[in-house]
Amino acid sequence: MTETTQTRSVPRGGATKQRSPEYRLAADALRGLRQDLFHDAFAYRPLPRAGADGPSAPRGSGRLREYAAWAPHAVVVALGVVAMLFALASTAGAGLASLLCGLLALGPVLLTLVRPVGAFWCSLAASTVALVFGGVSGWGDWPWLPGSFLTHLVVLTVVALRTRPRAAAWMWVMTAAYGFVAESLFGWDHYSTDVGPMLILSALILLAVTVRHIRREAQQEVTAQQTVTEAERSRRTLLEERTTIARELHDVVAHHMSVVAIQAEAAPYRVENPPPELEKAFATIRENAVAALTELRRVLGVVRAEDYEAPDAPQPTLADLDALLANVREAGLEVTKTVTGAVRELPQGVELSAYRIVQEALSNTLRHAPGADARVEIGYVLGGLGLRIVNGPPPAPHLVKPSPGAGHGVTGMRERVSMLGGEMTAGPAADGGHEVTVFLPVPAGATTSEDGA
């Protein structure tokens, strides 16, 4: 039998006691008081100018907008002057004492423009000094003279607007402590006190400022969330459009690769007694086509969603454009089609992209210019296919409601044109309508016909 003795080291100075929740709460509160009202209380923090581009900015010349940027500073200075005049009018006596009380009322208010937290402490100190030089023993309000009372309310309001809500709460607590101490220790020979009115009025003002802070923060969070949501929506719409293009590209390329494999397998049987070299070449072509088709399905097939079903009908081409225009006319859009050049079959990817571009352009016309007429121009040229879809201005622009769409139709058209290496321009037309111009390059001799398919 083996006996093991375990020893536990005791930290130097004895075992540490676990702090109670009350102690931690009080410690956090004192730490917050130190950070808000004592740490760098007289730090230089000038009041910034008002935004010239904000929603409340005045409209007019540049000089007027520049002056409006100093409106907050002018309001604070005006309140300071009012407090000084009020102190001069209500101070007992005249001469130097009255002038000193007026300056003591003006100084803390002006200090809020550059050192807000320090202005709060200066306001309490100025109130005490004003009592010494301007108070009347036994009759005047205690511990704030009328001028000091107004000054302290202004200082509390401005400082609360420039700091966080927690600092406003601590300023109210320190104001209450100052009032109770002054009233209890030095106000025994005064018949009236203004501690109660000061605490009630300051509490209402600070509560209103706190609600304003909370509302502004909520608006900023909502704005930031809307920005993120809009960015996510744009990104998701773009990815969906690219996924659709990738699906269509997969169908087109897979079809052609399948045709190549079938033709390579059937070609030796069309020639009587083909040489072994020709049979081997066709076999190699078929093997490469099948391998390429397998890799294509492996890579591009991942873009298909689990609930995606392949369309039963073939993908639309320019030959189906008349049916699209008929549907658009039934929706109320007068549209005409003009075809120039020698009509010929084009690669399936070009035909499909051209059809989708015309479809999206006409949908935008129905959405953004109801009642206007449209024109579709198709030009078959030697190097490719040209498209021009133009619509006139709406008959009643003031009746056009904002579209709920995300505005990604043009983005989808550009994605298709970029995939084919073409060019596209979209913008307002000379008559006030809208115009979309597209050129899709087609290599010479490229058609959709597959001989022997």
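Residues numbered from 1 in each chain as written. Predicted model: local features only at pLDDT ≥ 70, side-chain atom pairs only at ≥ 80, totals over all residues. Heavy atoms only, no water.

A.B. asks: Got a minute to help me understand the pairing of strand S2 (residues 373-381) in this structure?
C.D. replies: In summary, the side chains of a regular strand alternate between the two faces of the sheet. Note that strand S1 (residues 334-340) and S2 share seven bridges and pair parallel. Its bridge partner lying in S2, Thr 340 is registered against Gly 379. The handedness of the S1 to S2 crossover, carried by helix H11 (residues 348-368), is left-handed. The pairing of S2 with strand S3 (residues 384-391) spans eight bridges and is antiparallel. The residue bridging Ala 374 from the neighbouring strand is Asn 391, located in S3. Hairpin connection of S2 to S3: two residues between the antiparallel strands. (Pairing = 2+ DSSP bridges. Helix = DSSP H or I, 4+ residues; strand = E, 2+ residues; numbered from the N terminus. Right-handed = clockwise from strand over helix to strand, strands pointing away.)

A.B. asks: So what exactly am I meant to see when it comes to the sheet that holds strand S5 (residues 434-441) here?
C.D. replies: Two orientations exist for strands paired in a sheet by backbone hydrogen bonds: parallel and antiparallel. Ordered in space as S1-S2-S3-S5-S4, the five strands form an open sheet in which the pairing is mixed. Two strands close off the open sheet at either side, each with one partner strand: S1 and strand S4 (423-428). In this sheet, neighbouring strand axes are inclined to one another by 10° on average, regardless of whether the strands run parallel or antiparallel. Relative to S5, S4 runs antiparallel, the two being bridged by six bridges. Within S5, the position partnered with Ala 426 by the bridge is Val 436. Against the sheet, helix H10 (residues 321-330) engages S1 and S2, with an angle of about 160° to S1. Lying over the sheet, H11 contacts S1, S2, S3 and S5, oriented at roughly 5° with respect to S3. (Axes fitted to C-alpha atoms, helices over the stretch in contact; angles between N-to-C directions. Contact = heavy atoms within 4.5 Å.)

A.B. asks: What exactly am I supposed to notice about the pattern of salt bridges here?
C.D. replies: Two side chains bearing opposite charge may form a pair once their charged atoms approach each other closely. Throughout the structure, instances matching the rule amount to eight salt bridges. With its nearest N and O atoms 2.7 Å apart, the salt bridge here joins Glu 230 to Arg 233. With a gap of three residues between them, Glu 230 and Arg 233 both fall in helix H8 (residues 195-266), about one helical turn apart. Here Glu 377 ties to Arg 375 by a salt bridge, and the two come within 2.9 Å at their closest N and O atoms. Beyond isolated ion pairs, a larger network of salt bridges with shared partners links Arg 375, Glu 377, Arg 388 and Glu 435. (Salt bridge = Lys/Arg side-chain N within 4 Å of Asp/Glu carboxyl O.)

A.B. asks: Before we go on, may I ask you to explain the packing of aromatic side chains in this structure?
C.D. replies: Working definition: an aromatic ring pair is given by the centre-to-centre distance plus the angle between the planes. Per the stated rule, a full pass over the model turns up three aromatic pairs. Centre to centre, the rings of Phe 38 and Trp 121 are 5.2 Å apart; their planes meet at 40°, and the pair counts as tilted. Pair noted here: Phe 38 is in helix H1 (residues 21-38) and Trp 121 is in helix H5 (residues 116-134), with a separation of 83 residues, a long-range link. For Phe 38, a relative accessible area of 48% corresponds to the partly exposed category. By relative accessible area, Trp 121 is classed as partly exposed at 21%. Relative to Trp 121, the ring of Phe 120 lies with its centre 5.2 Å away and its plane at 65°, an arrangement referred to as edge-to-face. A network of ring pairs unites the aromatic residues Phe 38, Phe 120 and Trp 121 as a single cluster. (Phe/Tyr/Trp six-rings, centres within 6.5 Å; stacked < 30°, edge-to-face > 60°. Buried < 20%, exposed > 50% of the residue type's maximum accessible area, 1.4 Å probe, protein only.)

A.B. asks: Where do I start with the nonpolar core in this structure?
C.D. replies: Counting residues in each nonpolar core, the largest one holds 30 residues, and the members touching the most others are Leu 37, Phe 120, Trp 144, Val 155, Ala 160 and Met 171. Counting residues per element, the ones that place at least two in this core are H1, H5, helix H6 (146-162), helix H7 (165-186) and H8. Excluding residues within four positions of it along the chain, Leu 37 makes contact with Val 117, Phe 120, Trp 121, Ala 167, Trp 170, Met 171 and Met 174. If you look at the next biggest cluster of nonpolar residues, it comprises 29 residues, including Leu 333, Ile 378, Val 417 and Val 436. (Core = buried A, V, L, I, M, F, W, Y, C linked by side-chain atoms within 4.5 Å.)

Purely geometric stuff here, so don't read any function into it on its own.
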